[in-house]
Structures are given as C-alpha cells and as structure tokens.
Amino acid sequence: MARPSNIKSSFIKTPSPFFTFLPVSPFQKQLNKFPYLRIHMPYSSSRPRSYLFVFFLLILLSLLGLSLLRLVSVSQKPSPSFLTLLSPPPSHPPFASPYSKNHEPVVLSRSATMPLPAHPVSGNATAEEAEFWAQPDGEGYRPCLDFTIQYRKASAKISKEKQKFLVVVVLGGLNQQKIQIVDAVVIARILEAALVVPVLAVDQIWEDESEFSEIFDVDHFKRTLQADVRVVSSLPSTHLGSKPTIHRQMPYNVSPHWIRTKFLKELNRGGVLILSGMYSKLSKNLPLDLQKLRCKVAFHALRFVSPIQELGHKFARRLWIKGPYIALHLRLEKDVWVRSGCLTGLGLEHDDIMRKIRESQPQLLTDRLNMTSTQRRLAGLCPLNALQVARLIKALGAPRTAQVYRAGREPFGGAQTLQGLVEEFPNVVTKEMLAREGELSPYINRSSAMAALDYIVSLRSDVFLPSNGGNMGSTMQGHRAYLGHRKFVKPNHRGIVGLLEDTSISEAEFSSIMKKMHRRHQGQPEKRTNERSSSRGVTAYPVPECMCRHGNRSLLRS
C-alpha cells in the first residue's frame, strides 16, 4: 500500500475572518495547541425585542403559505415519471429508525441506490444473446438488517456518546477508502465512541485532496447511522487539549476483543483516539449485528453528494435509454502493472518501462516476490488485458453491437492498449464521451469524484465485469448482490489464460468452455460463510448475514 504524501483533515477548517476581530480567548489558545481541528466558533448577539414580533410574524406567514401549497398539491394527482421506476415495490415495507432527526424516518429500503429496470430481451436477439443479458436467479434473497434487541438497547446510550471520540484517517483510492470507512463505523461501535467524520488522506498515486464532504453526503451519513453510532463533524472544544497518539500499525484480522483491549483504556483516559492504516485490519468474521452494521454503512449510509449522484445517474440513463449495456473495469493503469509484476502485453518498450520503475522502487511490487512474470500470469495473478476481456465477453454471448462502458483511468499505453476491445466491440464509451459540455469541469483532477461517477454507472449496468478484482470489483460485487443479484461476471483468470494461448481451440469450442467455466460465477447468491469466510468480506458476500430468504418481505430496520 502506498504511503500518503499528505494527510489533510476533513475536520480542519480555517476560522472565518469574523473571528480575527474577537479578542483572544482561552478557547482560542486551546485551539492553537491542536491546530488541525475544525471547530464551529460560537458567538452571541443581542437583538432589540421589537425584532421578535417581526420574526414570529414571518414564521406565521410562512406556515400559512406552506399550508396553502399543501392543499393545492394534494388536490392534484402526480403524473408518473422515470423516477417512479426506481422506487421500491410496495411489497417491501419500509422500517423507520426511532432516532430520526426531527422525527423524519430513515427509510433504509429507500436509501439504497435502486437499479435501473432490466431491459426486455429484443425479439431480434439470438438465444445466446438473450442468455448473456439475462439476470441471475436471486433465489429469494432480500436485504435483512433486523438488528437484535440487545443491539438496539445498547444503541440508546452509544448513539448519544459525548465523551469519547474516534478519529480515522483512511488511505488509498475511493473504493479502498469506502472499505475503511465501513470498518471505522464498526470500530466506533465496538468502542462505544462517537465517530468524527473520517479524514481522507492524500495518496501519492491518486493525488486527490477532496474531503469527505466533497464526495459523500455527510448529512445522510449521520442520519442513517444515528441509531448505531453518533457521527460528528468535528471534535468539541472540550477535547482540543488532548494529545492522542496516531496509531498507524494494526495487525490483520483483529477481533472486537482485541480492539477493546488495545484502545479502550487510552480512549477512556484521553477522550480521543486516532487510527490510520486500517485497510483489511478488522476481522471479516464479526458478531452478526456488526456484520449487519457493515452492510448498513456500505449500502445505505455511504451515498455520494447530490451533484455527483445526479451526474452519474444522467450518464447511466443516457446509456440505458439506448438499450442494455456492459460495464467493464479494466485495471490497466501504470501503477497496476508496476505492483502486479506482470508483463503488459504491449511489447518490449512498455515492459522495459515497467522493469525500470520496479527496479528503482522495489517496495511497489506487492506479494509473491519469488515468482517470475510468466509464473504470475499462469497462476491467474495478472489483470486480463483488453483483448482477453473482449474474447471472454464475446464467448459468453455479448453481441458485437453491445454498448460497453469502460470504467477506470486512462490505461498505460493509451489507445493501443484498448485496440483489441474496440475492434471487437465498437460501441465502447467512457464518462468523458457521455458528458456534455461543462458537465465534468468541476471534477477535473479530482480522481475520487471521477471514480464515484464510474461506480454509479457501473452499479446500474446490466452486466459488470472486472478485469482483475481489486477494491472496485469486491465492492461492486457485494453492492450488485444487495440490490437484487444483478449480473456480475467474475473471470476465472487461471482457467482463461491457458485457453487463450491455445491456438488449436476453435472459437465455438472456446465459447462453450467459457460458458461452462463461468456458469456459477455470474452474480448468483454465494454464501460468505463457508471454508473461505476468513478471507471473504460481508460487503462483498452479503449472503447470509445481510440477505435472507423472506418471501416477498425485505427486513430493513435500524
């Protein structure tokens, strides 16, 4: 994992110029001791009593106007719109949280992103094409986040915590950060602490200085989790004098007991705990309520801010209105090739560039250091290149006319890298190609926002396929399962590579083998709890902890 080149806090805020006119108070002196905290400086002012009468009069007039508008609106029957297609069916009764702000219910069945309706198979489609676009059988599994009585009883105290605060610094790209944010909420729950809105570190590869509030909807995050963990935007002034240690090293696979033993004493003493480098450190096997909390954070609480969400939906609809589409996440960027230790397939010139980078920065090469590039490829550890992906989806029945959305950054090698895919499937598009003039301008040089747009369009696709797993692949796998087991093709890298290099196999025979090889790897329900549960996260495999068989009912409550 790359080390962050800079850590900037989403709970740091430069005080307004207004405060430069105030005398220096003991509170401000305390702030100087802990300069990277963001606080909201209170101030008071006196108003003439005559203003109160005007204030209340305005309120009464506003209420009267709202009442008249309500009478007009209820007398008119709303016309159906495209958004009604995305509403949850009435057979899924919503469950409201009793802790909702201003008594407004947090309806989990409406907070998850709804998939676009599946396209009916065209009468012109062949049987093979119809099979490719067909969605897997969800086997009756639906989300079930019904927490135990013990969990809900404990929530009454934990959700109001005001003495202990957890601060987390999350590293990496967008999807890696999302995984850490999920575990940060769970750790806050384990420690019965309030969670400060997470800090997004500046990664040396992604180089994005966006704060949490620029990517994720903070208010929605707080409201969705208010029955589980108290989330605050900043540390209170009472905790600014704390000098907590930043814990950057945690072993893998730690349990709730380890977390409490290691950190609870320090947290109780100082009131503030700062954690960094949490990726994949918390055990994947947790008590059932905590597993459900992971799903609640991943699939309900972490919603992108409205401008990103709306633009992503626009891109998806521009594709959807023309027919079904495939989303491919091709992990072909320079840093992926450097870390994987694999050959690019682009010729000696490009492979030589990779070799020099690895020699100058050997720490970037991750895992299986004793393997040659050939051994890695045959073991299925290398990303599929664009031509290999094209041959795979063609073998699985994708028509040549299919719309293909390519998610991800610019691949190493540029257009040459994508040539094999474009020649086989001419209708390849990206967010840059879908965008109209000025739509992407706010997100130039903001890799997290760009990745969020890719995520939204990919989530709403008819078929999704990652070229080499990764964080995008695992988060997309679980999210698509949670939304009704939308088709997700998981390539069998080890099985594919040898067959791709066998020139004696005909296209028809290759197609038949690929279909058999991937028959049970297309997004069908796959239980996490088996012999591999220690390496499978619940947000990638939500069955059975977060999805249950309940007929037509969907149990979603806080």
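Residues numbered from 1 in each chain as written. Predicted model: local features only at pLDDT ≥ 70, side-chain atom pairs only at ≥ 80, totals over all residues. Heavy atoms only, no water.

**Things to note about the overall build of the chain**
Link 1 in the chain: Check the secondary structure of the chain and you find 21 helices and 16 strands.
Link 2 in the chain: A burial count over the chain gives 52% of its 558 residues as buried.
Link 3 in the chain: Of all intrachain contacts in the chain linking residues separated by at least 6 positions in sequence, the fraction that spans at least 24 positions is 81%. (Helix = DSSP H or I, 4+ residues; strand = E, 2+ residues; numbered from the N terminus. Buried < 20%, exposed > 50% of the residue type's maximum accessible area, 1.4 Å probe, protein only. Contact = heavy atoms within 4.5 Å.)

**Quick notes on the state of the cysteines**
Link 1 in the chain: Tallied over the entire structure, the rule returns three disulfides.
Link 2 in the chain: At a sulfur-sulfur separation of 1.9 Å, the disulfide partner of C342 is C382. Residues C342 and C382 are joined by a disulfide whose S-S torsion is about -90 degrees; by sign, that bridge is left-handed. Separated by 40 residues along the polypeptide, C342 in the loop between α12 (334-340) and α13 (348-360) and C382 in the loop between α14 (373-378) and α15 (386-395) bring together distant segments of the chain.
Link 3 in the chain: On the basis of relative accessibility, which here comes to 1%, the residue C342 falls in the buried class.
Link 4 in the chain: For C382, a relative accessible area of 10% puts it in the buried group. (Disulfide = S-S within 2.5 Å.)

**Some remarks on the nonpolar core**
Link 1 in the chain: Counting 85 residues, the largest nonpolar core has F221 and I308 as its most contacted members.
Link 2 in the chain: At ten residues, helix α6 (residues 174-191) tops the list of elements feeding residues into this core.
Link 3 in the chain: Setting aside anything within four residues of it in sequence, one finds F221 in contact with I181, V185, L195, F212, V231, V297, A301 and L302.
Link 4 in the chain: Judged by nonpolar contacts, the second largest core, of 38 residues, contains F425, I496, L499 and I505. (Core = buried A, V, L, I, M, F, W, Y, C linked by side-chain atoms within 4.5 Å.)

**Here we look at the packing of aromatic side chains**
Link 1 in the chain: Taken as a whole, this structure holds nine aromatic pairs when the rule is applied.
Link 2 in the chain: Between F304 and Y455 the ring centres are 6.1 Å apart and the planes differ by 75 degrees, which places this aromatic pair in the edge-to-face class. Note that F304 is positioned in the loop between α10 (288-301) and α11 (306-320) and Y455 in helix α18 (residues 447-459), a separation of 151 residues in sequence. The pair F304 / Y455 is uniform in exposure class, with both members buried.
Link 3 in the chain: Each residue in the set F212, F216, F221, F304 and Y455 is aromatic and connected to the rest through ring pairs, giving one cluster. (Phe/Tyr/Trp six-rings, centres within 6.5 Å; stacked < 30°, edge-to-face > 60°.)

Note that all results are geometric; they support no functional claim without further evidence.
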